[in-house]
Amino acid sequence: MTKRAFITGITGQDGSYLAELLLGKGYEVHGLVRRASTLNRGRIDHLHPNSELHLHYGDLTDGVGLVNLIREIEPHEVYNLGAQSHVKVSFEMPEYTASTDAVGTLRLLEAIRAADIDCRYYQASTSEMFGATPPPQNEASPFYPRSPYGAAKLYSHWVTVNYREAYDLFAVSGILFNHESPRRGESFVTRKITLGVAAIKLGVADELHLGNLEAVRDWGYAPEYVEGMWRMLQHDVPQDYVLATGKGFSVRQFCEAAFAQAGLDWEDFVVYDKQFERPTEVDALIGDPSKAREVLGWEAQTDAMALARLMVEADLEQMARLIGT
Ligand code: NAP
Ligand code: G4F
């Protein structure tokens, strides 16, 4: 039997890698895409010739649309990756962030219930839910979100747990620490740095403006993390898991490594810019992924220093092509 998966957020970093993974495993993949005045499908364009990929217009803020889609597709697995995923932007758009990242989850879970189908559900939870709780953080650590994004995601986390307990839905929440790749959005700090390094190296820019350099994050490699999401849904028992590398690095250390990869000294180019600070910061996130290793056999292979190198190389190559050098 061909398995059908429905992915919200298929045009994002994780959605694109997950679609690739599932198509490779023989799934029929259905993705939710938002209508925009220009096409926004750069990350999945290369998958288009695949006849098992089906895209549907919709939005997590449109409950009726979700009900109709779930009824029509009858997915065996649903991956809810769609979100306004930028922490700083969530301070500027708190209500929209709550509607998409919190109530959107409820809308999708209700759509699954209304369709009365036997379906497994993955919720994209986040280490941001730990916020002010000091590292290392694992599944038993207390939550203390520090942004409208973190608070909205915490609602989704708990409503997923509740639907599992109340309605016996196979629903799991993956508490993922930061994960990056050459497909990472340009305004997240790792990609902003590696794009900045490429621009400086190729003579297109001469400085890079950043905010808090002391924040510590546990950065892993996105393709490895989507494999973890899939494994969570294949296990016999629905449970929540942390995915992380277990290693923390500061933004400063990531900068150092990224500039060094291009033979540059970061201190010559990085300029502190207050506008990139947040009203409340999450100082340190370092995950303890023991449970995922023991139960799912999942382990991160790529740490932040290796990521900095591979992302700089990818951005140098892409930018050189773009400017024709
Ligand atoms: P991303 O690159 O920002 O992608 C977000 C996706 O959500 C995009 O496809 C976007 O569509 C879609 N989306 C935004 N608003 C929507 C709405 N109202 N209705 C439907 N879709 C909407 O994020 P990502 O890095 O792939 O992350 C995937 C998920 O994991 C997100 O839920 C994120 O919060 C969570 N997460 C990420 C990390 C990480 O480090 N990457 C860690 C923990 C959790 P458009 O392309 O049209 O904008
Ligand atoms: O790259 P960031 O914007 O990622 P952040 O806030 O950790 O959130 C990401 O990871 C979460 C998982 O923990 C996801 F849930 C979320 O969706 C997103 O993918 O910022 C990382 C750190 C922050 O401490 C920030 O203050 O970098 C610091 N930073 C310093 N200068 C900057 C900048 N961040 C950004 N985006 N831009 C800067 O110029």
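Residues numbered from 1 in each chain as written. Chains lettered and ligands numbered in written order. Predicted model: local features only at pLDDT ≥ 70, side-chain atom pairs only at ≥ 80, totals over all residues. Heavy atoms only, no water.

In contact at an axis separation of 8 Å, helix α2 (residues 63-73) and helix α4 (residues 94-115) are set at 40 degrees when each is read in the N-to-C sense. With respect to their mutual orientation, α2 and α4 come out oblique. Where α2 crosses over α4, the two elements pack in a sense that is right-handed. Contacts from Gly 63, Leu 66, Val 67, Ile 70 and Arg 71 of α2 reach α4 at Gly 104, Arg 107, Leu 108, Ala 111, Ile 112 and Ala 115. Residues of the contact of α2 with α4, tallied by class, amount to seven nonpolar, two polar and two charged. (Axes fitted to C-alpha atoms, helices over the stretch in contact; angles between N-to-C directions. Helix = DSSP H or I, 4+ residues; strand = E, 2+ residues; numbered from the N terminus. Parallel < 35°, antiparallel > 145°, perpendicular 65-115°, else oblique. Left-handed = near helix turned anticlockwise from the far one by under 90°. Contact = heavy atoms within 4.5 Å. Nonpolar A, V, L, I, M, F, W, Y, C, P; charged D, E, K, R; others polar.)

As a further point, take the site of ligand 2. Around ligand 2, the surrounding shell holds 23 residues, and the nearest of these are Thr 126, Ser 127, Tyr 149, Arg 278 and Glu 281. A distance of 2.7 Å separates an oxygen atom of ligand 2 from a polar atom in the backbone of Ser 85. Within the side chain of Arg 278, an N or O atom sits 2.6 Å from an oxygen atom of ligand 2. In isolation ligand 2 exposes 710 Å². Once the protein is present, 96% of that is buried. Residues of the shell around ligand 2, tallied by class, amount to nine nonpolar, eight polar and six charged. The residues that make up the shell around ligand 2 include at least three from each of domain 1 (4-180 + 221-243) and domain 2 (189-217 + 248-285 + 302-323). (Near = heavy atom within 4 Å. Polar contact = N/O pair within 3.5 Å; in protein donor to acceptor, adjacent residues only side chain to side chain. Areas by Shrake-Rupley, 256 points an atom, 1.4 Å probe, with all protein chains shown as cover. Domains from an automatic or database assignment.)

The end-to-end C-alpha separation of helix α10 (residues 304-323) is 28 Å, in line with the 28 Å expected for 20 residues at 1.5 Å each. Along α10, the residues classified as buried are Ala 304, Met 305, Leu 307, Ala 308, Met 311, Val 312, Asp 315, Leu 316, Met 319 and Ala 320. On its buried face, α10 is in contact with β7 (179-180), α6 (189-201), β10 (220-221), β12 (249-250) and α8 (251-261). Put simply, Asp 303 is the residue that caps the front of α10, since its side-chain oxygen is 3.1 Å from the backbone nitrogen of Met 305. Where α10 ends, the next residue or the one after it, Gly 324, has phi of about 70 degrees, a positive value. (Expected span 1.5 Å × (residues − 1). Buried < 20%, exposed > 50% of the residue type's maximum accessible area, 1.4 Å probe, protein only.)

We now examine the domain arrangement of the protein chain. Assigned domains of the protein chain: these are domain 1 (4-180 + 221-243) and domain 2 (189-217 + 248-285 + 302-323). A C-alpha centroid distance of 27 Å is found between domain 1 and domain 2. Between domain 1 and domain 2, the contact holds 17 residues from the first and 16 residues from the second. Overall, the association of domain 1 and domain 2 removes approximately 1,400 Å² of surface from exposure, summing both partners, and the carbon and sulfur fraction of that is 58%. (Buried area = accessible area lost by both parts, 1.4 Å probe.)

The next point concerns unusual backbone geometry. Between Pro 135 and the following residue, Pro 136, the backbone shows a cis peptide bond with an omega angle of -5 degrees. On the secondary structure map, Pro 136 appears in the loop between β5 (120-126) and α5 (148-167). Positioned with a positive phi, Asp 116 is a non-glycine residue whose angle comes to about 55 degrees. Mapped onto the elements, Asp 116 comes out in the loop between α4 and β5. Residue Asp 116 is classed as exposed on the basis of its relative accessible area, which comes to 70%. Here the phi dihedral of Asp 168 falls at roughly 60 degrees; this positive angle occurs in a residue that is not glycine. Summarising the element assignment, Asp 168 is placed in the loop between α5 and β6 (170-176). Residue Asp 168 is classed as exposed on the basis of its relative accessible area of 73%.

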